[in-house]
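Notes for the structure review
Here is how the chains run, residue by residue.
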Amino acid sequence: MATNYTAPAAAGELADHHDDHAHPQGFIERWFFSTNHKDIGTLYLIFSFIMFIVGAGMSVVIRTELAVPGLQHVSPEFFNQMTTMHALVMIFGGVMPAFVGLANWMIPLQIGAPDMALPRMNNWSFWILPFAFSLLLLTLFLPGGGPAGGWTLYPPLSLQGGSNVAFVIFAIHMMGISSIMGAINVIATILNMRAPGIDLLKMPIFCWTWLITAFLLIAVMPVLAGAVTMLLTDKFFATSFFNAAGGGDPVMFQHIFWFFGHPEVYIMILPAFGIVSEIIPTFSRKPLFGYQAMVYATASIGFLSFIVWAHHMFTVGMPLGGELYFMYATMLIAIPTGVKVFNWVTTMWRGSISFEAPMLWAISFVILFTIGGFSGLMLAIVPADFQYHDTYFVVAHFHYVLVTGALFGIIAAVYFWWPKWTGRMYNMTLANIHFWWTMVFVNLLFFPQHFLGLAGMPRRIPDYNVVFADWNLISSIGAFGMFVTPFFMGFVLWRSLKTGAKAEARAWEGAKGLEWTLPSPPPHHTFSTPPVIRDGDLAHGDITH
Amino acid sequence: MNPTPDPRHDDATGRRQRVRRTALWVAAVAVALYVGFILMGVLSR
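Described below are features of the structure shown in this document. In this numbering scheme, every chain counts its residues from 1 along its sequence in written order. Chains carry letters from A onward and ligands carry numbers from 1 onward, assigned in written order. Reporting of local features is limited, given that this is a predicted model, to residues whose pLDDT is at least 70; pairs of side-chain atoms are given and counted only at 80 or more, and all residues count toward the totals for whole chains, interfaces and linings.

1. Observations regarding the overall build of chain A
Of the regular secondary structure elements, chain A holds 16 helices and 0 strands. Once the C-alpha set of chain A is aligned to its principal axes, its extents read approximately 65 × 50 × 50 Å. The burial label depends on the number of other C-beta atoms within 10 Å of a residue's C-beta. Counts of 20 or more mean buried, 12 or fewer mean exposed, and intermediate counts mean partly exposed, with C-beta atoms placed from the backbone. The buried share among the 545 residues of chain A stands at 55%. A run of H or I in DSSP becomes a helix once it reaches four residues, and a run of E becomes a strand once it reaches two; helices and strands are each numbered from the N terminus.

2. Brief notes about the interface of chain A and chain B
Accessible area lost during the coming together of the parts is what is often quoted as the interface size. Any residue pair is listed as a contact if its two C-beta atoms, each placed from the backbone, are within 7 Å. Between chain A and chain B, the contact holds 21 residues from the first and 15 residues from the second. Listing elements by their share of the side of chain A that touches chain B, those giving two or more residues are helix H5 (164-192) and helix H6 (205-236) of chain A. It is H6(A) that contributes the most residues to the side of chain A that touches chain B, 8 residues altogether. A breakdown of the residues in the side of chain A that touches chain B according to their chemical character gives 16 nonpolar, 4 polar and 1 charged. Polar here means any residue other than Ala, Val, Leu, Ile, Met, Phe, Trp, Tyr, Cys and Pro, which are nonpolar, and Asp, Glu, Lys and Arg, which are charged; Gly is therefore polar.

3. Digging into the environment of Ile50(A)
Residues and elements named next belong to chain A. Topologically, Ile 50 is positioned in helix H2 (residues 37-66). Exposure remark for Ile 50: the 17 C-beta atoms within 10 Å place this residue in the partly exposed category. Along the chain, Ile 50 and Gly 478 lie 428 residues apart, while their C-alpha atoms are 21 Å from each other.

4. Digging into the nonpolar core
Considering soluble globular proteins, one finds that nonpolar side chains tend to be buried as a cluster. Residues and elements named next belong to chain A. To count as a nonpolar core, a set of buried Ala, Val, Leu, Ile, Met, Phe, Trp, Tyr and Cys residues must be joined through C-beta atoms within 7 Å. By size, the foremost hydrophobic cluster in this structure holds 177 residues, and its most contacted members are Val 95, Ala 227, Val 276, Trp 361 and Ala 412. Not counting residues within four places of it along the chain, the set of residues in contact with Val 276 comprises Trp 344, Ala 362, Phe 365, Val 366, Gly 409 and Ala 412. In terms of nonpolar packing, the next biggest core, distinct from the first, is built from 5 residues, Ala 503, Ala 507, Ala 511 and Trp 516 among them.

5. Concerning helix H3 (residues 76-111) of chain A
Here H3(A) spans 50 Å end to end across 36 residues, near enough to the 52 Å set by a 1.5 Å rise per residue. The buried fraction of H3(A) is high, at 32 of 36 residues. Expected span of a helix: the number of residues minus one, times 1.5 Å.

6. Remarks on the packing of helix H8 (residues 270-284) of chain A against helix H11 (residues 334-348) of chain A
All names here are of chain A. An axis is simply a line fitted to the C-alpha atoms; with a helix, the fit covers only the stretch in contact. Between two such axes, the angle follows the N-to-C directions and lies from 0 to 180 degrees. Contact geometry of H8 with H11 gives a least axis separation of 9 Å together with a crossing angle of 15 degrees. Relative to H11, the element H8 is oriented roughly parallel. For H8 against H11, the interelement crossing comes out left-handed. Taking contact as the criterion, the partners of Phe 273, Val 276, Ile 280, Pro 281 and Ser 284 in H8 are, on H11, Lys 340, Trp 344, Thr 347 and Met 348. In the contact of H8 with H11, the residues fall into 6 nonpolar, 2 polar and 1 charged. Note on angle classes: values under 35 degrees are labelled roughly parallel, values over 145 roughly antiparallel, values of 65 to 115 roughly perpendicular, and the remainder oblique. Working rule for handedness: look at the near helix, and if it is turned counterclockwise from the far one by less than a right angle, call the crossing left-handed; if clockwise, right-handed.

7. Structural notes on the packing of H11(A) against helix H12 (residues 357-380) of chain A
All names here are of chain A. Closest axis-to-axis distance for the H11/H12 pair is 12 Å, and the angle between their directions is 160 degrees. Judged by the inter-axis angle, H11 sits roughly antiparallel to H12. Viewed along their axes, H11 and H12 form a crossing whose handedness is left-handed. Contacts from Ala 334, Thr 337, Val 341 and Trp 344 of H11 reach H12 at Val 366, Thr 370, Gly 373 and Leu 377. A breakdown of the residues in the contact of H11 with H12 according to their chemical character gives 5 nonpolar, 3 polar and no charged.

Written out as structure tokens, the structure is:
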């Protein structure tokens, strides 16, 4: 084996780095005080799994109410709380922590580092999250309930919420601090901890996408924090940043929010791009087509994400020149995204493809995310957006991006790296059933929402005209079917832990990269001595592009 | 006679310093953005 890994007994070589877990630990010490990137990665993934189920439960409340016309199960106020909380929980509690968990697990293994650069801060950034989400979720039990003004927190609506406003804003600050600390850790790790021989342009694509994501996080999370701080002072300290009665400008909040919000979309999708770029070459048994083009396309998408924010708010009434600029700038994003889709397809072209579960999820990502991308282009067209704005078409669009995009990427990653993490294979038939079940119900859930939106059904409304009844019922059936899937996935993985066959170091025949040179599961401490990189170890190191 | 310095230890020390410097720079940018956006709101009144 070309690359050295260090067994636990030899882990003391760089022990001054963080020597507090080089000995057997109890449950509390290991999981509450851990500074080990693998343990913290596991904590993040478990946390996000719980949050996904909580958020999915809220979506079932929404879809149950919307299954038939009329108000039947919940009050309109509670319905609005569910739509708001569903988004906050899924975005900040589900998708983002899942990607941070994957980064924690895989970045050190992929670049040959012994751990994340700042292990204690890593622990801190995770353990902030359960408190933040307890604070957020407990607002549902306050008099007046939780936030109900939408996850975008537009004033003046969001400020009419009573006592929950302070809780929500404090929770968002905590999530932001956690994200920023996580991003600092990723940047410091990738820039300083790479093993000798792993140049930036030899790094796995997953590390590249996460590095760019981390810079996006550093650039925009403080902007969100600043915006909600100003909301807080408007609510409790009589300032008028966004209060028109006091000379403020509520539309300014929308500009600031979406200056955060649009890069946030890419924060939730770029790591999934990286995951898919790892999986497709593995199961096509070919190197990734156009590695450097993929890196530059990712960086281009990251840059463009900062200059398109106002396409979320065409209908506020902005000058025609502004509308045209934001329309064309938004359309530009299709170019680097198209490069990526082209490269994924070309990687598969004439490859020796096999369709294990991770590959199925990755291929479906490419197809369904592209549908979300196309509907995004439709929304970028200003006159069309005036029709689509605030309809179910928008809901369909961003769920294709975030569910069949980000979430499918996360599921693909779990099925891809699970044998490495646990040393156990899973039952491929069960995993394939999980995939096909999800494929049927996710499309039943979200595709009809395009038709509803084009027909004019508004979003965030608990009742609707009877003409929308049929597609809403189908969409709700899809939601009920989808709600089963995380539990089924949990069963597949639990069964793997109990009865799964032992995984080899290189669990997948076509897998390349440093992580696959380690045993499965890897020792608690890895790469305490930097690995010696040889030709063929890396997926990209010895390839001329 | 001075003991021979352990290059591995020097590597680790240098790396820790680089990590700290990177982290502080990135954190400073984040704080500056947070303060800057609020100041922009204050000064534009």
